[in-house]
Every structure is written in C-alpha cells, then in structure tokens.
Amino acid sequence: MLDSKIPQGPLKDKWTTFKFSARLVSPANKRKYKILVVGTGLAGASAAASLAELGYQVESFCFQDSPRRAHSIAAQGGINAAKNYPNDGDSIKRLFYDTIKGGDFRSREANVYRLAEVSNCIIDQCVAQGVPFAREYSGYLDNRSFGGAQVSRTFYARGQTGQQLLLGAYQALMKEAAKGSVILHPRMEMLDLVIIDGVARGIVVRNLISGQIESYSGDAVVLATGGYGNVFYLSTNAKGSNATAIWRAHKKGAFFANPCFTQIHPTCICVHGDYQSKLTLMSESLRNDGRVWVPKNSGDKRPGHKIPENERDYFLERKYPAFGNLVPRDIASRSTKELCDAGRGVGSSGQAVYLDLTDAIKRLGIDTIKERYGNLFDMYEKIMNQNPYQTPMMIYPAVHYTMGGLWVDYNLMSNLSGLFVIGEANFSDHGANRLGASALMQGLADGYFVLPYTMGDYLAKNKPVDTNIKDHAEFKKCEADIKNYTHKLLSIKGKRTVDDFHRQLGQLLWDKCGMARSESGLNEALNKIPEIRQEFWKNVNVLGSGEEFNQALERAGRVADFLEFAELLVADALHRQESCGGHFRQEYQTPEGEALRRDDLFTYVAAWQFNGVGQNPTLHKEELKFEEVHLAQRSYK
C-alpha cells in the first residue's frame, strides 16, 4: 500500500497542521542546498522563483529557448479561485466539492481541499505581479463561468490567461536569475534521472544546440514537464510537449499513476486534413455565451446560419437542463461523439458540431463579444477561413490534458526520495476529469504555495549533497547509456520518418483508447503497439548526427518513449473495468449512456511500477477515502 502522508485531523485543518509541523531550514542553511527544476511553465517557473526567493540555490532547465515558450502560454479561458466576488454562493468548500465531483470521485480529498484553500492566494499573488485580469467597469476583478460549476469563479484575461500568468511567473523567475539565485539552462532536454542509494541526486541532459551530454547534481529534483497528451499525435498540445522526463523517471522506479485518465476537450477546431500536425483549442469560456447544437435531421449539410431555429437540436441544453452548455468536458465530449456517430455531425467530414454565439451577439452586442473573445475569433477565422461572427464555429473534441502522471504523496514527492513532481506532470488533483480553469490553478498552487513548504520539510532531514557527487559512477553510467541510445537511433537508417510512426501510434490510440474504450479494442491496441515499436527500431530514419542541433533526433527520442508509454496507458485502461470521467468503457454505462463507476472495486489510485519494456508492470494501490463527500453517480441534469 502506498503512503500518501496525509496529515491527521479535520480536512480543513490538514494544510495548516502540516505547515506548523513541517521542519524548517534556517535562512543561513538554505543557500547550502541546490534544487534542480526541470520545466519552466507555470508550475516550474513559479516553483523555481519561489524556492530561489527563499534562499535555495536553484538551477532551471527547459528545452525551449526561453521560459516564455512553455506550453502554459497556450491556456486560454481562465483560472479558478473561491473569492466569491460575484456573491453567488461560492466558497472554498464549494470549489473543493465541484473539483471532487468533476473528477468523478477519483482524486484525493486532502490534495483537492488544499488546492481550493490556496486558490485565493494565487489571485492575490498574480494581481500583485501586474497580471492584467479582466475587470468590471467599477475596477473590480471580473469573473465568468466554466463547466462543472453553477457559480462564476473563473478569473481571466480575455482568451490569453495562460500567457499573462506565465509572464507573471517569468518575471518572478528572471528577477531571481538577475540576482544569481537561479541559473537558467535553456535548450536543455532531460534524458535521464540519476538515482544513488534510492535517492534522486541529479539529471542527465542533452544540450540541444551542441548535442553535448551533460550532468547536473542537486539535493532534490523537481519535474514540472507537463503532460503526455501528444502520445495521441493530434492534440491541443504544442508539438514539442512530450513525456520523456516523467517516462525516464518512471523507468528509474517512479510509479506512474492513472495513465488512462486523459481529457478530451469538447471545443477544439475540427480536423481538416489527413496530414494535420496539431489541433487548436477554442476556449471553454466560449460556452458561457455560445450554444452547442446540431441539425435535428441527419445528413443536413446546409451552412449553420441557414438552418432555421426549429430545425436545431441544442443537445446539451436538452440533456442537462441544470448546467446546459456548461457541463464538464468529458460529458460534453461524449455527447458530441454520440450525435456525430449517429450521422448528425456537420461539415464535410460530419465530425463536428456547431458552437454558435449568434444569440449572445444579438443580446450583448458585437463589441462586447469582441472584448471577451476577440482573439479566439481571430484564431478561428485564420485557421478555418470563416467569419465566426457571421457563421457558427465548427468544433469537435480533441485530446487536451492528462490527469494521470507520476504518483506523488501529499508533499508532492514521488515514491523516489528527493524526486518531486508538480503541475500536470503529477496525478494528484483532478481525478478522472479536470474541470476547466483548474490546470492553471494547480500549477501555480504547487509552485508558489505548496512546494516551498514541502521541500523545506524534506531538505531539513537531509544534509547538503557533496559537490563532487557528479564523479559518482551512476552519473557516468547514465551518460554512457544516453550516448549509446543516441547512437542506436542514428544508426538504424530505415525508410520511415519519425512522424510517420507517431501518426500511426496516435491514430491507433485515438481509435481504441480515445473517447470510448472497449475490452476488445484495448486488447487489439495492446497487440499492435509492440509491433509498431518493433518496426520503429528496425525501420526509422533519423537524419543528422548527435553532435549538432538535430530536431529529428529530439523527436525520435520522444516518440520512442511514447511507444513504450502507450502500452502502459492502454493496460491501465483495460485494467480499470469501470467508466469514470475521461475514461469511458463502453461495457460500463448507465441506461442513459452516462459513465457507470464501480466504487466497490475501483475507488483507488492505480500506481504502476516499471518492470521492463514489454513486461507487465506491477500494480500498487492507494485506496481513496472520502470522509467529507458522499460517493454518488454524477448528475448535471
């Protein structure tokens, strides 16, 4: 059984209890400790800046040329907090409950309550940094609604909230870099985790400009490297987003929790080509004022604005009258798929539904809509060559966020001592489905307000690491292994490109382990993935050398990791014989077609231990105990 190290006492007091009982590192001793932070998105940048402000030595690594290019910049709609500025009944407890319910009762109560508890601090922090949140005419911060909630708790900066929050964290990081408290290492990709005597002591990276393999040691390693959604090839993630850091850590012994919990976002610009390289998100915030619909008659291919009102089916409003278009993402996505599969989808492919803001434009005026969503409309028009102010947007679900990740305890430390995992890279806060506007909340909560306390408690129990530890044989072995791995990739000289293999894998996962999953389909995928992986290592063609700037080599390593990770993702989906949140097994659904959980059998976190490529992993369970909420089938009707 896994020890989550949850403090004793009432739920509302647990975080306070932990902070009081945590061991402290004196200011004079903090500068003796070095912390390696991998990733510079919201979680990584905020963590590095906060730890450096406390006085620790921090080294920060990212594979981009600047922390400003982290994928957090792409987040659009907003960030949740329980400020209750609209006075509409919100509270910390309600945010906690909505998050637990939205995750289909598959997340840890203590972590979720802490997240809700520190949410208000995040808004204060970001306002102090100058983040330009939207404001009402009076000057007060504005809020809007998001899926899975009946209150307005989402703070936003038009459709650019992630960008503005990242700039705030970036300026905090650069302030510390200017002081010398943070050493930045751009264009570095982590390729291995160094474990000495069971403790994380460093990382091995590749300099993406020169190709040089380098080692860095520290007293603790923090992974803030995001999620694994790009395993599906087509997703809303940036093309560079990958799972290499957390997968290599998994292969060194870190448990991987709930990998089958992947989120399909309902409002993505629909696919419009066989060789499209990525997908573009249209923020969930559009569902505040937009109405989702399809024609009532299958095969109706008239343009949306020419279909009369009485021939439209506003299916989310029909099926879920209490929440309407603001049901959680997993429910909206499955409803869309159901109607498209029934032949009522729109567009040339039939794999789309309409997201229509015509009524809102009439009610509020076009200037108000432009003020709220203008950049999103501009993006849509550039990609689809249609004016969304005049014709409804065409959208379809797409892979977006991953709720699974490396297992961590209440302190955000993995089962490997000294390895902390934050943000989307861990599994901790969202259960089987993330509510919209909660990703930014978790990333900044972990970095600004949780890790600085839990890191201090860990370091206070350990002496600073020897500065000569990089001479240890384990560092040398990891470097040699990476060089051999690189040589192997470059020496194959096959006939297929890396992207060709990635596209094949992604299509298989989308078909068999996407919005709907079945035992037969998952078994088919488990049989096919090893075949694709074997073919990759025989027939991939990676041009160039390892001693230079080589993006083909970068992609090859990441896809090789995806080909290993995909097997675990599918195995976890096959193992979880229930439907919950983003994991929908066709064999387990209610008569109304909703997800059917099996609380008597699967109320636990599935944490997997690596036993070798192609070998069955070992399952470790963390039982989930619900003391403050009552387990119930979700209803948004």
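Residues numbered from 1 in each chain as written. Predicted model: local features only at pLDDT ≥ 70, side-chain atom pairs only at ≥ 80, totals over all residues. Heavy atoms only, no water.

**Digging into the overall build of the chain**
Thinking step 1. When you go through the chain residue by residue, the secondary structure sums to 18 helices and 19 strands.
Thinking step 2. The C-alpha atoms of the chain give 24 Å as radius of gyration, which agrees with the globular expectation for 637 residues (26 Å, within 12%).
Thinking step 3. Along the first, second and third principal axes, the C-alpha set of the chain runs to 75 × 60 × 50 Å.
Thinking step 4. Of all 637 residues assigned to the chain, the portion counted as buried reaches 62%.
Thinking step 5. Put simply, of all contacts in the chain between residues at least 6 apart along the chain, 74% involve residues at least 24 apart.
Thinking step 6. When the accessible surface of the chain is totalled, it reaches about 24100 Å², and 48% of it is carbon and sulfur.
Thinking step 7. Here the chain contributes 77 positive and 71 negative side-chain charges, whose respective centroids are spaced 2 Å apart. (Helix = DSSP H or I, 4+ residues; strand = E, 2+ residues; numbered from the N terminus. Rg over C-alpha atoms; globule rule 2.2 N^0.38 Å. Buried < 20%, exposed > 50% of the residue type's maximum accessible area, 1.4 Å probe, protein only. Contact = heavy atoms within 4.5 Å. Areas by Shrake-Rupley, 256 points an atom, 1.4 Å probe, with all protein chains shown as cover. Lys, Arg positive; Asp, Glu negative; His and termini not counted. Charge placed at Lys NZ, Arg CZ, Asp CG, Glu CD.)

**Considering the packing of aromatic side chains**
Remark: the centre distance and the inter-plane angle together describe each pair of aromatic rings, the angle taken between the planes.
Thinking step 1. Tallied over the entire structure, the rule returns 25 aromatic pairs.
Thinking step 2. Judged by centre distance (6.3 Å) and plane angle (75°), the ring pair of F105 and F626 falls under edge-to-face. Of the two residues, F105 sits in the loop between α4 (92-102) and α5 (109-129) while F626 sits in the segment after β19 (618-623), which places them 521 residues apart along the sequence.
Thinking step 3. F105 gets classed as buried once you look at its relative accessible area, which sits at 1%.
Thinking step 4. Taken together, Y228, W247, F256, F565 and F610 form an aromatic cluster joined through their ring pairs. (Phe/Tyr/Trp six-rings, centres within 6.5 Å; stacked < 30°, edge-to-face > 60°.)

**A word on the pattern of salt bridges**
Thinking step 1. In the structure shown here, the tally under the stated rule is 48 salt bridges.
Thinking step 2. Linking E622 and R108 is a salt bridge whose minimum nitrogen-to-oxygen distance equals 2.7 Å. On the criterion of sequence distance, the pair formed by E622 in strand β19 and R108 in the loop between α4 and α5 is long-range, its members being 514 residues apart. Comparing E622 with R108 shows no difference in burial state: the two are buried.
Thinking step 3. The partner of D313 in a salt bridge is R318, and the shortest N-O contact between them spans 2.9 Å. (Salt bridge = Lys/Arg side-chain N within 4 Å of Asp/Glu carboxyl O.)

**Observations concerning helix α6 (residues 161-179)**
Thinking step 1. The terminal C-alpha atoms of α6, which comprises 19 residues, lie 28 Å apart, in line with the 27 Å expected from a rise of 1.5 Å per residue.
Thinking step 2. Where α6 is concerned, the buried positions are T161, G162, Q164, L165, L166, G168, A169, Y170, A172, L173 and E176.
Thinking step 3. On its buried face, α6 is in contact with α3 (42-54), β3 (79-80), α5, β4 (154-155), β5 (182-185) and α13 (439-459).
Thinking step 4. In the segment just after α6, G180 is the residue with positive phi, at about 90°. (Expected span 1.5 Å × (residues − 1).)

**Quick look at empty space enclosed by the protein**
Over the atoms rolls a probe the size of a water molecule, and in doing so it shows where empty space is left.
Thinking step 1. The tally for this structure, following the rule as stated, stands at six cavities of 30 Å³ or more.
Thinking step 2. For the largest cavity, the calculated volume is near 130 Å³.
Thinking step 3. Lining the largest cavity are 14 residues, with L191, R248, T486, L553 and G557 sitting closest to its centre.
Thinking step 4. Counting only elements with at least two residues in the lining of the largest cavity, the list comes to β6 (188-196), α7 (244-251), α14 (473-491) and α17 (551-575).
Thinking step 5. Residues of the lining of the largest cavity, tallied by class, amount to six nonpolar, three polar and five charged.
Thinking step 6. The two domains that each donate at least three residues to the lining of the largest cavity are domain 1 (11-261 + 403-470) and domain 3 (471-610).
Thinking step 7. Looking at the second largest cavity, its volume works out to about 50 Å³.
Thinking step 8. What lines the second largest cavity is simply I264, D330, S333, R334, M515, G581 and G582.
Thinking step 9. For the lining of the second largest cavity, a count of residues per class yields two nonpolar, three polar and two charged.
Thinking step 10. Both domains that furnish three or more residues to the lining of the second largest cavity are identified here as domain 2 (264-399) and domain 3 (471-610). (1 Å grid on protein atoms, 1.4 Å probe; cavity = no way out; pocket = protein on both sides within 12 Å on 5 of 7 lines; lining within 4 Å. Points joined across faces, edges and corners; volume = space filled by probe spheres on them. Nonpolar A, V, L, I, M, F, W, Y, C, P; charged D, E, K, R; others polar. Domains from an automatic or database assignment.)

**Focus on the packing of α3 against α13**
Thinking step 1. Between α3 and α13, the shortest axis-to-axis distance is 8 Å and the interhelical angle comes to 30°. Here α3 is positioned roughly parallel relative to α13, judged by the angle of their axes. As for how α3 packs across α13, the hand of that crossing is right-handed. Along the contact surface, α3 presents L42, A43, S46, A47, S50, L51 and L54, while α13 presents L440, G443, L444, G447, Y448, L451, P452 and M455. (Axes fitted to C-alpha atoms, helices over the stretch in contact; angles between N-to-C directions. Parallel < 35°, antiparallel > 145°, perpendicular 65-115°, else oblique. Left-handed = near helix turned anticlockwise from the far one by under 90°.)

**Considering the sheet that holds strand β8 (residues 213-217)**
Thinking step 1. Read from one edge to the other, the open sheet built from three strands follows the order β6-β7-β8, with strand pairing classed as antiparallel. Two strands bound the open sheet, and with one partner strand each, they are β6 and β8. Direction aside, the axes of adjacent strands within the sheet are offset by 25° on average.
Thinking step 2. Relative to β8, strand β7 (residues 199-207) runs antiparallel, the two being bridged by five bridges. (Pairing = 2+ DSSP bridges.)

**Here's the deal with the sheet that holds strand β12 (residues 291-295)**
Thinking step 1. As summarised here, the arrangement of the five strands in space is β11-β15-β14-β12-β13, forming an open sheet in which the pairing is antiparallel. If you trace the sheet from one side to the other, it starts and ends with β11 (262-269) and β13 (312-313), each paired once.
Thinking step 2. Note that strand β14 (residues 353-356) and strand β15 (residues 393-402) share three bridges and pair antiparallel. By the bridge assignment, Y354 is partnered in β15 with M394.
Thinking step 3. Contacts from helix α12 (residues 366-384) reach β11 and β15 within the one sheet, and its direction differs from that of β15 by about 105°.

**Some points on the environment of F584**
Thinking step 1. Structurally, the position occupied by F584 is in the loop between α17 and α18 (599-602).
Thinking step 2. Classification of F584 as buried rests on a relative accessible area of 6%.
Thinking step 3. Separated by 70 residues in sequence, F584 and G514 place their C-alpha atoms 8.6 Å apart.

**With respect to the layout of surface pockets**
Thinking step 1. If you add up the space inside the second largest pocket, you get close to 730 Å³.
Thinking step 2. Looking at the second largest pocket, it is lined by 31 residues, and the ones nearest its centre are V271, Y396, Q507, W510 and D511.
Thinking step 3. For the lining of the second largest pocket, the elements supplying multiple residues, two or more each, are β11, α10 (329-341), β15 and α15 (498-513).
Thinking step 4. Top element by residues in the lining of the second largest pocket is α15. It accounts for six residues.
Thinking step 5. Looking at side-chain class alone, the lining of the second largest pocket contains 15 nonpolar, nine polar and seven charged residues.

**Some words on the nonpolar core**
Thinking step 1. Core analysis: the largest hydrophobic core is formed by 187 residues, its most contacted members being I79, L193, I203, L223 and L419.
Thinking step 2. Element by element, the count of residues in this core is highest for α17, at 14 residues.
Thinking step 3. If we skip the residues at most four places from it in the chain, L193 touches A200, G202, I203, V221, A249, K252, L416, L419 and C478.
Thinking step 4. Counting residues in hydrophobic clusters, the runner-up holds 10 residues, among them V465, I469, F475 and I482. (Core = buried A, V, L, I, M, F, W, Y, C linked by side-chain atoms within 4.5 Å.)

None of this, on its own, says anything about what the molecule does.
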